[in-house]
Amino acid sequence: IKRKRPRGWKTVMMPFLICWKHRESKSMQKSGMHDIVERIKDDLKKNGIGCAAVLACLILFALIFHDACPVQILYGLPCPGCGLTRAGVLLLTGHFAAAFQMHPFIYGWAALLLYVLLCRYVKGCKPKGALQLMIVLIACMLLFYIYRMLLYFPDVEPMTRKDGLLLHWNPDRN
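This one's a predicted model, so the numbers in the text were calculated from it and none came from an experiment.

Right, let's get into the overall build of the chain. Along the chain, the regular secondary structure elements total 6 helices and 0 strands. Tracing the chain from N to C terminus, the helices and strands come up as α-α-α-α-α-α. Out of the 174 residues in the chain, the part that is buried amounts to 19%. Sequence-distant contacts in the chain: of pairs separated by 6 or more residues, those separated by 24 or more amount to 51%. As displayed, the chain offers around 13,800 Å² of accessible surface, 69% of which is attributable to carbon and sulfur atoms.

Next up, the structure:
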């Protein structure tokens, strides 16, 4: 009787290895999406309470004072970001010219947001230069705020005045 020679593990396992490699390539595609979801879950665990508190305050301000901006509520004056939320809504609804007219820096903030989201969630890395770009955007917004206050305040939206809690406007008073 001839004794059969034992096959090597590779010979026996080859069909399973081929099947596993094919399965692995499909799961790699799924794991990319899985990684994105996990990063989002981690960020929500770390920052969810703070984000919910800010959102609750904004909703509360809007319900009580019919405005979400704390500067507008307290002082009745527009802030450097005045019109940015409305510009964002206009941008998301496809009214690009109106968004630019409401606040031109919406495009800078939208580009920065897309860059940070792409780096953080899709690539899984830290967004390089995002802080510097944010500082430049804020500085430009402050300069543009001064320009708009000198040119458009108090008659042109969004640079209009309202009665604030601390500062009341009375144009009839001399």
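There's more to say after this.
Here we take up the nonpolar core. Grouped together as the largest cluster of nonpolar side chains are 11 residues: Leu 84, Ala 87, Leu 91, Ala 99, Met 102, Phe 105, Ile 106, Leu 112, Ala 130, Leu 137 and Met 141. Those residues in contact with Ala 87 that lie beyond four places of it in its chain are Ala 99, Met 102, His 103 and Ile 106.

Along the chain, Gly 124 falls in the loop between α5 (106–123) and α6 (130–151). Taking relative accessible area as the criterion, Gly 124 reaches 38% and is therefore assigned partly exposed. Other than its neighbours up to four places away in sequence, Gly 124 contacts Arg 39 and Cys 119.

With 18 residues, α5 ought to run about 26 Å at 1.5 Å a step, and its terminal C-alpha atoms sit 24 Å apart, in line with that. Looking at α5, one finds that the buried residues are Ile 106, Leu 112, Cys 119 and Tyr 121. One or two positions beyond α5, positive phi appears at Gly 124, with a value near 75°.

On to helix α3 (residues 84–92). Those residues of α3 lying buried are Leu 84, Ala 87, Gly 88 and Leu 91. Looking down the long axis of α3, one finds its buried residues gathered within 105° of arc, a one-sided arrangement. Those residues of α3 hidden inside the fold are in contact with α4 (96–102), α5 and α6.

Take the confidence of the model for the chain next. Mean pLDDT over the chain: 80, with 76% of residues reaching 70 or higher. Contacts for the low-pLDDT stretch residues 16–28, under 50 throughout, to residues beyond four places or in other chains number 1 contact.

Glancing now at a nonpolar patch on the surface. On the surface, Leu 55, Ile 59, Leu 60, Leu 63, Ile 64 and Phe 65 cluster together into a nonpolar patch covering about 600 Å² of accessible area. When its relative accessible area of 46% is taken as the criterion, Ile 59 is described as partly exposed.

About the thresholds
- Residues numbered from 1 in each chain as written.
- Predicted model: local features only at pLDDT ≥ 70, side-chain atom pairs only at ≥ 80, totals over all residues.
- Heavy atoms only, no water.
- Helix = DSSP H or I, 4+ residues; strand = E, 2+ residues; numbered from the N terminus.
- Buried < 20%, exposed > 50% of the residue type's maximum accessible area, 1.4 Å probe, protein only.
- Contact = heavy atoms within 4.5 Å.
- Areas by Shrake-Rupley, 256 points an atom, 1.4 Å probe, with all protein chains shown as cover.
- Core = buried A, V, L, I, M, F, W, Y, C linked by side-chain atoms within 4.5 Å.
- Expected span 1.5 Å × (residues − 1).
- Arc of directions from axis to C-beta.
- pLDDT = per-residue confidence, 0-100.
- Patch = residues over 30% accessible without salt bridge, like charges linked within 9 Å, V, L, I, M, F, W, Y side chains within 5 Å.
- Salt bridge = Lys/Arg side-chain N within 4 Å of Asp/Glu carboxyl O.

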